[in-house]
Amino acid sequence: MPSVYIETYGCQMNLADTELMRGHLARSGYAAADDPAAADVILLNTCAIREHAEERIVGRLGALARFKLRRPHVQIGIAGCMAQHVRDQLLARTPHLDFVVGPDAYRRLPALLGGDPFVDVRLDRDETYADLVPERGAGVRAWITIMRGCDKFCTFCIVPYVRGRERSVPSDAVLRQVREVVTQGHREVVFLGQTVNAYRDGATDFGDLLRAADRTQGLARTRFTSPHPSDMSDSAIDAMATCRTVCPQLHLPVQSGSTAVLEQMERGYSVDDYLRLIERLRAAIPGLALTTDIIVGFPGESERDFEATLALMREVRFDGAFTFAYSRRDHTKAAKWDQTVSAEEKARRLQAVIALQESIAAEINAGLVGREVEVLVEGPARRGDGWLAGKTLHFKTAVFPTGGAIAMGDLVRVRVTDSTAHTLIAQ
Ligand code: SAM
Ligand code: SF4
């Protein structure tokens, strides 16, 4: 039986796609390998969101060439967003690359492997892989992709070009997967999509899907990522507020605190719109934990625009933020504009947003000391023997000394005794 080793880069959607490919390949006669040295097929599932992500993968491809020296039959390939983006350049400059498979071509992968080198990067408006069965790991959390692609075309972002048009997985297929993962022992589901709350299957919108999943027996928690602020409907907010399993936690990317920059980004909302949405969410879901994505150094971002981002962060007080220096991406509108912010200035702004966010998160977490929180136990904590780790309802990492017979997947109540910007220490 040939074996396949898959390495995953980038976001949770890619992790979920790896599980999808693994399941599809397993059913087509490929065993899973956990060491590239022993595999017949080595596959990198790649990310193209920033230049840095692509450089890492090019470096890794170079290092993998050695596996073909003694075992020349080994096939090395790339899948995912970067496959779609740089297929021709990469093939020309990487002689040991055997295949390139785009995000909508995974279904054909088993048939193409084992033969001549190939490139299959056709995008498909209808492909949702609804009938393929992913092979998931054993953790407490299961990722379920509910929609693919993106129609928003924010001017900085490559996703619509490499993942194609938006399409939703039929709701019966989503709900079947929810039931299956619960039967397999997962306690939490995370619905995934580039604009996950734009989900629609006929009359079923994203809020309806949350309400339907909420009725699944044995499901403890539901989360989703990433929603787009413009698609945050009353139906979705109502589902978040009322569903038993939906956690009071939201990752809601804002990108910038300047309306002028948001307009240039073509995000479809102003700073005021975003703040009003946060107000509605916080009114409906008391104690809601909020995280976000922030880009600094977008073309044309002035010092004042940047200050406005810091001001927004102080006003909203996010629990966490993924912060990025703007990276110019081919095909996008913003790639054609004057790149007005130098690399040094981007680095300075990035450091400033990181420092501010760390201090806010540390303050928020310090406010939890003394409180009881519910933790879904995920397994041993990295700090060593005798400690367990898990996530709170608000998606904060909590670590606590193990006591009694606590197992992975248990919901336990712990008391927070100390905290950092990223972790709650509890008893
Ligand atoms: N669809 C989500 C949304 O619109 O909110 C975001 C998905 S994207 C994969 C994740 C994040 O990467 C974005 O929110 C953005 O902050 C960041 N990102 C995307 N393109 C970028 C670029 N060209 N440079 C820097 N960061 C970028
Ligand atoms: Fe990219 Fe914008 Fe689509 Fe998010 S909504 S994936 S940032 S184009």
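One can find the structure itself at the top, above this paragraph.
Scoring rules and cut-offs
- Residues numbered from 1 in each chain as written.
- Chains lettered and ligands numbered in written order.
- Predicted model: local features only at pLDDT ≥ 70, side-chain atom pairs only at ≥ 80, totals over all residues.
- Heavy atoms only, no water.
- Near = heavy atom within 4 Å.
- Polar contact = N/O pair within 3.5 Å; in protein donor to acceptor, adjacent residues only side chain to side chain.
- Areas by Shrake-Rupley, 256 points an atom, 1.4 Å probe, with all protein chains shown as cover.
- Nonpolar A, V, L, I, M, F, W, Y, C, P; charged D, E, K, R; others polar.
- Helix = DSSP H or I, 4+ residues; strand = E, 2+ residues; numbered from the N terminus.
- Expected span 1.5 Å × (residues − 1).
- Bend = angle between axes of the 7 residues up to and from the residue.
- Contact = heavy atoms within 4.5 Å.
- Pairing = 2+ DSSP bridges.

**Q** What is the right way to read the site of ligand 1 from this model?
**A** Among the 16 residues in the neighbourhood of ligand 1, the closest are listed as Gln194, Gln255, Arg267, Asp293 and Ser327. Between a nitrogen atom of ligand 1 and a main-chain N or O atom of Phe156, the distance comes to 3.0 Å. At a separation of 2.8 Å, a nitrogen atom of ligand 1 approaches a polar backbone atom of Ser327. Within the complex, 91% of the 570 Å² of free accessible area of ligand 1 lies under protein. Looking at side-chain class alone, the shell around ligand 1 contains seven nonpolar, five polar and four charged residues.

**Q** Honestly, helix α4 (residues 81-93) in this entry has me stumped. Any pointers?
**A** Structural remark: α-helix, 3.6 residues per turn; residues separated by three or four positions point the same way. Given a rise of 1.5 Å per residue, 13 residues ought to cover 18 Å, and the 18 Å separating the end C-alpha atoms of α4 matches this to within 8%. At Arg87, α4 is bent by approximately 80°, the largest bend along its length.

**Q** Would you explain the site of ligand 2 in this entry?
**A** Near ligand 2, the surroundings consist of Cys150, Lys152, Phe153, Cys154, Phe156, Cys157, Val159, Pro160, Gln194, Thr195, His228 and Arg267. Its residues placed into classes, the shell around ligand 2 shows seven nonpolar, three polar and two charged.

**Q** Please clarify how the side chain of His228 should be interpreted in this entry.
**A** Within the secondary structure, His228 sits in the loop between β13 (221-225) and α9 (234-242). When residues no more than four places from it in sequence are discounted, the contact partners of His228 are Lys152, Thr195, Asn197, Leu252, Arg267 and Tyr269.

**Q** Explanation requested: the sheet that holds strand β2 (residues 31-32) in the structure shown.
**A** In any sheet, the strands associate via hydrogen bonds between backbone groups, in a parallel or an antiparallel arrangement. Strand order in the open sheet formed by six strands is β2-β1-β3-β4-β5-β6, with parallel pairing between adjacent strands. Single-partner strands in this sheet number two, and they are β2 and β6 (118-120). As defined by bridge partners, strand β1 (residues 3-8) adjoins strand β3 (residues 41-46) across five bridges and the pair is classed as parallel. Counted as the bridge partner of Glu7 is Leu44 from β3.

**Q** Whenever I open this one, the environment of Thr216 confuses me. Can you help?
**A** Looking at where Thr216 falls in the secondary structure, it is placed in the loop between α8 (206-214) and β13. For Thr216 and Leu175, which are 41 residues apart along the polypeptide, the C-alpha to C-alpha distance reads 8.4 Å. Apart from the residues lying within four places of it in its own chain, the contact partners of Thr216 are Val178, Arg179, Val182 and Arg244. In terms of polar contacts, Thr216 uses its side chain to reach the backbone carbonyl oxygen of Ala213, at 2.6 Å.

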